Amino acid sequence: MKVAIIGPGAMGKALAKRLGRAGHEIRLSFSRDEQKLREAAKELGVGFGVPVEVARWADVIALATPWQALQPALDALGDLSGKIIWDNTNAAASDLSTMLVGTTNSGGEEVQNRAPGARVVKCIPAFAELLERDDRRLGGDLVMSYVAGNDAKAKAAVCRLLADLPTQPFDVGDLTASRLIEPMMLLLVQLAYLRGMGPMISFNLVRQDGPING
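Residues numbered from 1 in each chain as written. Predicted model: local features only at pLDDT ≥ 70, side-chain atom pairs only at ≥ 80, totals over all residues. Heavy atoms only, no water.

Asks: Explain the overall build of the protein chain here, please?
Replies: Tallying secondary structure elements over the protein chain gives eight helices and 10 strands in all. For the protein chain, whose C-alpha radius of gyration is 16 Å, the value lies close to the compact-globule estimate of 17 Å for 214 residues. In terms of overall dimensions, the protein chain has a C-alpha envelope of 50 × 40 × 35 Å along the principal axes. Put simply, 70% of the contacts in the protein chain that link residues at least 6 apart link residues at least 24 apart. Accessible surface, the protein chain: about 10,200 Å² in total, of which carbon and sulfur atoms supply 50%. Side-chain charges of the protein chain comprise 24 positive and 24 negative groups, with the mean position of each set lying 3 Å from the other. (Helix = DSSP H or I, 4+ residues; strand = E, 2+ residues; numbered from the N terminus. Rg over C-alpha atoms; globule rule 2.2 N^0.38 Å. Contact = heavy atoms within 4.5 Å. Areas by Shrake-Rupley, 256 points an atom, 1.4 Å probe, with all protein chains shown as cover. Lys, Arg positive; Asp, Glu negative; His and termini not counted. Charge placed at Lys NZ, Arg CZ, Asp CG, Glu CD.)

Given below as structure tokens:
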């Protein structure tokens, strides 16, 4: 697939690295420093471009910006009607203490509201540090990625990308399930970075009668 990764931070670069190695065509975009964007693309062996152009080109647009940069990024991408947006953002406070959006709304739903013609899929996969490792399993198992969205075909496309990271995608329902995914992932971030457990952790579903598949 053609994947535009919006935001060349740690997660954006990890997604570009893994999806590029899996055979997808990748372009990075949206940076305040064009030279750093070019350098990141060269280092990863992927393309780059201005947001509105990569948005038109892409099959899937992966948002990997900080929450505070969401609106500028969407503005830069232009008309997103019909586009699949894979939303990796989380509406967390900058000190990671709490959610800025939640309970009756979510970051995923905010992306949908701000890009009403797009097909938004919510999934925040494993930590970038884990995706950067050669072995991306924990305890011998793939980490599980929780996926929410209103469009079945869009979810299927994102799940194919998740499987290529690789993670184990698990469909948890429509986009309102983002209200549950996002605080769960903030808890994981707090455990990793504020409570000293480190990023080699995940929340995986288990049950008595065997593994759970998405």
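Asks: Just checking my understanding: could you explain the sheet that holds strand E5 (residues 84-87) for this structure?
Replies: In a beta sheet, neighbouring strands pair by backbone hydrogen bonds and run either parallel or antiparallel. Spatially, eight strands are ordered E3-E2-E1-E4-E5-E6-E9-E10 in an open sheet, and the strand pairing comes out mixed. The open sheet has two edge strands, strand E3 (47-48) and strand E10 (168-173), and neither has a second partner. Relative to strand E4 (residues 60-63), strand E1 (residues 2-6) is paired through four bridges, and the arrangement is parallel. Pairing of Ala4 across the sheet is with Ile61, part of E4. Strand contacts of helix H8 (residues 178-194): strand E6 (119-122), strand E9 (144-149) and E10, with the helix running at about 150 degrees to E9, the strand carrying the most contacts. (Pairing = 2+ DSSP bridges. Axes fitted to C-alpha atoms, helices over the stretch in contact; angles between N-to-C directions.)

Asks: What is the right way to read the pattern of salt bridges from this model?
Replies: Two side chains carrying opposite charge are able to pair once their charged atoms lie near each other. This structure, assessed with the given rule, holds eight salt bridges. Here Arg119 makes a salt bridge to Asp151, at a shortest N to O gap of 3.5 Å. Here Arg119 is found in strand E6, whereas its partner Asp151 is found in the loop between E9 and helix H7 (152-163), with 32 residues between them in sequence. Owing to a relative accessible area of 27%, Arg119 belongs among the partly exposed residues under this scheme. For Lys155, the salt bridge identified is with Asp171, shortest N-O distance 2.9 Å. Here Lys155 is found in helix H7, whereas its partner Asp171 is found in strand E10, with 16 residues between them in sequence. Residue Asp171 is classed as partly exposed on the basis of its relative accessible area of 38%. (Salt bridge = Lys/Arg side-chain N within 4 Å of Asp/Glu carboxyl O. Buried < 20%, exposed > 50% of the residue type's maximum accessible area, 1.4 Å probe, protein only.)

Asks: When you look at the packing of aromatic side chains in this model, what are you seeing that I'm missing?
Replies: Here the distance between the centres and the angle between the planes together describe a pair of aromatic rings. Taken as a whole and judged by the stated rule, the model has two aromatic pairs. Ring geometry for Phe127 and Tyr193: centres 5.4 Å apart, planes at 80 degrees, overall edge-to-face. Of this pair, Phe127 sits in the loop between E6 and helix H6 (128-132) while Tyr193 is found in helix H8, placing the two residues 66 residues apart along the sequence. Under the relative-accessibility criterion, Phe127 is labelled buried at 10%. Judged by its relative accessible area of 40%, Tyr193 is partly exposed. With centroids separated by 6.4 Å and ring planes inclined at 70 degrees, the aromatic side chains of Tyr146 and Phe170 adopt a geometry described as edge-to-face. Of this pair, Tyr146 sits in strand E9 while Phe170 sits in strand E10, and the two are 24 residues apart along the sequence. (Phe/Tyr/Trp six-rings, centres within 6.5 Å; stacked < 30°, edge-to-face > 60°.)

Asks: What should I look at first to understand the layout of surface pockets in this one?
Replies: It is the rolling of a water-molecule-sized probe over the atoms that shows where space remains empty. Roughly 1,000 Å³ of internal volume is contained in the largest pocket. As for the largest pocket, its lining consists of 37 residues, and the residues nearest its centre are Met11, Ala64, Thr65, Pro66 and Trp67. For the lining of the largest pocket, the element with the highest residue contribution is H8, accounting for five residues. When the residues that make up the lining of the largest pocket are grouped by side-chain class, the tally is 23 nonpolar, nine polar and five charged. (1 Å grid on protein atoms, 1.4 Å probe; cavity = no way out; pocket = protein on both sides within 12 Å on 5 of 7 lines; lining within 4 Å. Points joined across faces, edges and corners; volume = space filled by probe spheres on them. Nonpolar A, V, L, I, M, F, W, Y, C, P; charged D, E, K, R; others polar.)

Asks: Help me understand empty space enclosed by the protein in this model?
Replies: Applying the stated rule across the entire model yields one cavity of 30 Å³ or more. Put simply, the largest cavity is a space of about 70 Å³. Forming the boundary of the largest cavity are Ile124, Pro125, Ala126, Val143, Met144, Tyr146, Met184, Met185, Leu188, Ile201, Ser202 and Phe203. For the lining of the largest cavity, the elements supplying multiple residues, two or more each, are E9 and H8.

Asks: I keep staring at the environment of Asp174 and nothing clicks. Help me out?
Replies: Tracing the backbone shows Asp174 in the loop between E10 and H8. The exposure class assigned to Asp174 is partly exposed, which follows from its relative accessible area of 41%. On a C-alpha basis, the gap between Asp174 and Gly149 in space is 4.5 Å, while along the polypeptide they are 25 residues apart. Discounting residues that sit within four places of it in the chain, Asp174 has contacts with Ala148, Gly149 and Asn150. Within the local environment of Asp174, its side chain forms a polar contact with the side chain of Thr176, the two groups lying 2.4 Å apart. (Polar contact = N/O pair within 3.5 Å; in protein donor to acceptor, adjacent residues only side chain to side chain.)

Honestly, it's all geometry; don't read function into it.
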